[in-house]
Amino acid sequence: MAIPKNGTELFEQTCSTCHGQGIAGAPRAGDKAAWGPRIAQGKAVLYDHAIRGFTGSAGVMPPKGGRTDVSDDLVKQAVDHMVQIAQ
């Protein structure tokens, strides 16, 4: 799969698979109630969980959503995109 040009493309190609449907406990993109507490933790925590992966009580976030071929910066852009949708 081609490397996305920006975070929005990464979201559309990869992140939306789980964050669109709420698969594996992923907070759905745009769900203000689900994202509020996560956003309150700060972007550093969101970036860390998205890049390195995270196992929480509700589910699992694989490192980089399984796209280990993309840069950390691109993942951060995708996180920023999802935060923007949820605000």
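Computed from a predicted model, the values in this text were never measured in an experiment. (Residues numbered from 1 in each chain as written. Predicted model: local features only at pLDDT ≥ 70, side-chain atom pairs only at ≥ 80, totals over all residues. Heavy atoms only, no water.)

Scanning the protein from terminus to terminus reveals 4 helices and 2 strands. Put simply, the protein runs from its N terminus to its C terminus through helices and strands in the order α-α-α-β-β-α. Taking 2.2 N^0.38 as the reference for a compact globule, 87 residues should give roughly 12 Å; the C-alpha atoms of the protein span a radius of gyration of 12 Å, in line with that estimate. Based on the C-alpha atoms only, the size of the protein along its principal axes is roughly 35 × 25 × 25 Å. With 87 residues in all, the protein has 31% of them scored as buried. (Helix = DSSP H or I, 4+ residues; strand = E, 2+ residues; numbered from the N terminus. Rg over C-alpha atoms; globule rule 2.2 N^0.38 Å. Buried < 20%, exposed > 50% of the residue type's maximum accessible area, 1.4 Å probe, protein only.)

Moving on, we get to the packing of helix α3 (residues 43–52) against helix α4 (residues 72–86). One can describe the packing of α3 onto α4 by two numbers: an axis separation of 9 Å at closest approach and a directional angle of 120 degrees. The orientation of α3 with respect to α4, classified from their angle, is oblique. With respect to the hand of their crossing, α3 and α4 are arranged in right-handed fashion. Between α3 and α4, the residues in contact are Lys43, Leu46, Tyr47, Ala50 and Ile51 and Asp72, Val75, Lys76, Val79, Asp80 and Val83, respectively. Counted by class, the contact of α3 with α4 contains 7 nonpolar, no polar and 4 charged residues. (Axes fitted to C-alpha atoms, helices over the stretch in contact; angles between N-to-C directions. Parallel < 35°, antiparallel > 145°, perpendicular 65-115°, else oblique. Left-handed = near helix turned anticlockwise from the far one by under 90°. Contact = heavy atoms within 4.5 Å. Nonpolar A, V, L, I, M, F, W, Y, C, P; charged D, E, K, R; others polar.)

What follows deals with helix α1 (residues 7–19). Each α-helix winds once per 3.6 residues, and so residues spaced three or four apart point in a common direction. For α1, built from 13 residues, the straight-helix expectation of 18 Å at 1.5 Å per residue is missed by more than 12%, its first-to-last C-alpha distance being only 14 Å. At glutamine 13, α1 shows its strongest bend, of approximately 50 degrees. Those residues of α1 lying buried are Gly7, Leu10, Phe11, Thr14, Cys15 and His19. Packed against the buried residues of α1 are α2 (32–40), β2 (60–61) and α4. The residue sitting at the N-terminus of α1 and contributing the capping side-chain oxygen is asparagine 6; that oxygen lies 3.1 Å from the backbone nitrogen of threonine 8. (Expected span 1.5 Å × (residues − 1). Bend = angle between axes of the 7 residues up to and from the residue. Polar contact = N/O pair within 3.5 Å; in protein donor to acceptor, adjacent residues only side chain to side chain.)

For the protein, the average pLDDT comes to 96, and 100% of its residues sit at 70 or higher. When pLDDT is averaged over each element of the protein, α3 comes out on top at 98 and β2 at the bottom at 94. (pLDDT = per-residue confidence, 0-100.)

Put simply, the largest pocket is a space of about 650 Å³. Taken together, 33 residues make up the lining of the largest pocket; nearest its centre are His19, Ala26, Pro27, Arg38 and Met61. Those elements giving two or more residues to the lining of the largest pocket turn out to be α1, α2, α3, β2 and α4. Of the residues assigned to the lining of the largest pocket, the class counts are 21 nonpolar, 10 polar and 2 charged. (1 Å grid on protein atoms, 1.4 Å probe; cavity = no way out; pocket = protein on both sides within 12 Å on 5 of 7 lines; lining within 4 Å. Points joined across faces, edges and corners; volume = space filled by probe spheres on them.)

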